[in-house]
Amino acid sequence: MNELHLLLILHLLGATIWVGGHILLSVVILPQVWKEKSVDKLFNFESRYEWFGMPALLVMLLTGARMAYLYNVKIDTWFAFETPIERVISFKLSCLIAIALFALSAQFYVLPRLKNNIEKLPLMTFHILSVTVISIVMLILGSFVRYGGI
Ligand code: HEM
């Protein structure tokens, strides 16, 4: 097994945890929260998943960045959107920035208010669904690398 293969396995493990967790949150937990009009289940999932999800995202960033180097896409060409593999990586990094912004907004603005105001639930739902969709887009983008990029 070469280095790229090992990194890819770790990357895919990270993606499984991250994307799986968000799909679960979107299609299992969120509908329950809406139905019961109580955010307890959401906070319960959030506090337990955080310790699992964030390291997974970090693993994806580290393995992804190293794989980018193995594909000869170095940091000084990131965000140039000029060559096929580099475009995949630049789009993925742009998605990652969008996820980070949603996460910051959820953590520091939406969640503290949602605790005692259920009216923030649509806004929180928008955050969760956005992060889920962006994560699935990142997964699809990743699959293009073996076909030569985009
Ligand atoms: C939510 C975050 C991410 C998800 C869900 C994700 C998912 C995936 C998936 C499913 C693949 C396909 C592997 C294959 O075709 O066998 C992949 C490949 C790849 N990803 Fe990611 N990824 C994420 C973040 C990142 C980041 C942040 C980077 C770069 C900094 C990155 C760089 C790569 C590279 C270079 C490959 C190609 C590996 C190969 O086919 O040899 N990924 N990713």
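Structure: see above.
Residues numbered from 1 in each chain as written. Predicted model: local features only at pLDDT ≥ 70, side-chain atom pairs only at ≥ 80, totals over all residues. Heavy atoms only, no water.

Novice: Report on the environment of Pro55, specifying residues and quantitative values.
Specialist: Among the secondary structure elements, Pro55 is positioned in helix H2 (residues 40-70). Pro55 sits in the partly exposed class, given a relative accessible area of 39%. A sequence separation of 41 residues divides Pro55 from Gly14, and the C-alpha atoms of the two residues are 8.2 Å apart. (Helix = DSSP H or I, 4+ residues; strand = E, 2+ residues; numbered from the N terminus. Buried < 20%, exposed > 50% of the residue type's maximum accessible area, 1.4 Å probe, protein only.)

Novice: Describe the coordination of the iron atom of the ligand, listing the residues and the values that go with them.
Specialist: His11 (NE2) and Lys92 (NZ) make up the full set of protein donors to the iron atom of the ligand, lying at 1.8 to 2.0 Å. Because the angles between the 6 donor atoms bound to the iron atom of the ligand fall within 82 to 178 degrees, the donor set is best described as octahedral. With His11 in helix H1 (residues 3-36) and Lys92 in helix H3 (residues 84-114), this residue pair connects regions lying 81 residues apart in the sequence. In terms of burial, His11 and Lys92 fall into one category: buried. (Donors = N, O, S within 2.8 Å, 3.2 Å for Na, K, Ca; no water. Tetrahedral: all angles 85-135°; square planar, octahedral: opposite > 155°, others 65-115°.)

Novice: Go over a nonpolar patch on the surface with me, naming the residues and quoting the values.
Specialist: A surface patch of nonpolar side chains, about 790 Å² in accessible area, is lined by Ile23, Leu24, Val27, Val28, Phe91, Ile136, Leu139, Ile140, Phe144 and Ile150. Here Ile150 shows up in the segment after helix H4 (121-143). According to the relative accessible area criterion, Ile150 is partly exposed, its value standing at 33%. (Patch = residues over 30% accessible without salt bridge, like charges linked within 9 Å, V, L, I, M, F, W, Y side chains within 5 Å. Areas by Shrake-Rupley, 256 points an atom, 1.4 Å probe, with all protein chains shown as cover. Salt bridge = Lys/Arg side-chain N within 4 Å of Asp/Glu carboxyl O.)

Novice: Would you mind going over H1 in detail, with residue names and values included?
Specialist: With 34 residues, H1 extends 48 Å between its outermost C-alpha atoms, agreeing within 8% with the 50 Å of an ideal straight helix rising 1.5 Å per residue. Residue Leu25 marks the point of greatest curvature in H1, where the axis turns by about 35 degrees. Once H1 finishes, Lys37 follows within two positions and takes phi at roughly 50 degrees, a positive value. (Expected span 1.5 Å × (residues − 1). Bend = angle between axes of the 7 residues up to and from the residue.)

Novice: I'd love a proper account of the layout of surface pockets, names of residues and values included.
Specialist: Size it by volume and the largest pocket reaches roughly 780 Å³. Lining the largest pocket are 30 residues, with Leu8, His11, Met67, Lys92 and Gly142 positioned closest to its centre. Going through the elements one at a time, H1, H2, H3 and H4 are the ones with two or more residues in the lining of the largest pocket. At 8 residues, H1 tops the list of elements feeding residues into the lining of the largest pocket. Counted by class, the lining of the largest pocket contains 22 nonpolar, 6 polar and 2 charged residues. Of the pockets and cavities examined, the second largest pocket occupies roughly 360 Å³. Surrounding the second largest pocket, 21 residues form its lining, Trp18, His22, Glu46, Ala103 and Gln107 being those nearest its centre. Within the residue set of the lining of the second largest pocket, elements represented by two or more residues are H1, H2, H3 and H4. With 8 residues, the single largest contributor to the lining of the second largest pocket is H3. Class assignment for the residues of the lining of the second largest pocket results in 15 nonpolar, 4 polar and 2 charged. (1 Å grid on protein atoms, 1.4 Å probe; cavity = no way out; pocket = protein on both sides within 12 Å on 5 of 7 lines; lining within 4 Å. Points joined across faces, edges and corners; volume = space filled by probe spheres on them. Nonpolar A, V, L, I, M, F, W, Y, C, P; charged D, E, K, R; others polar.)

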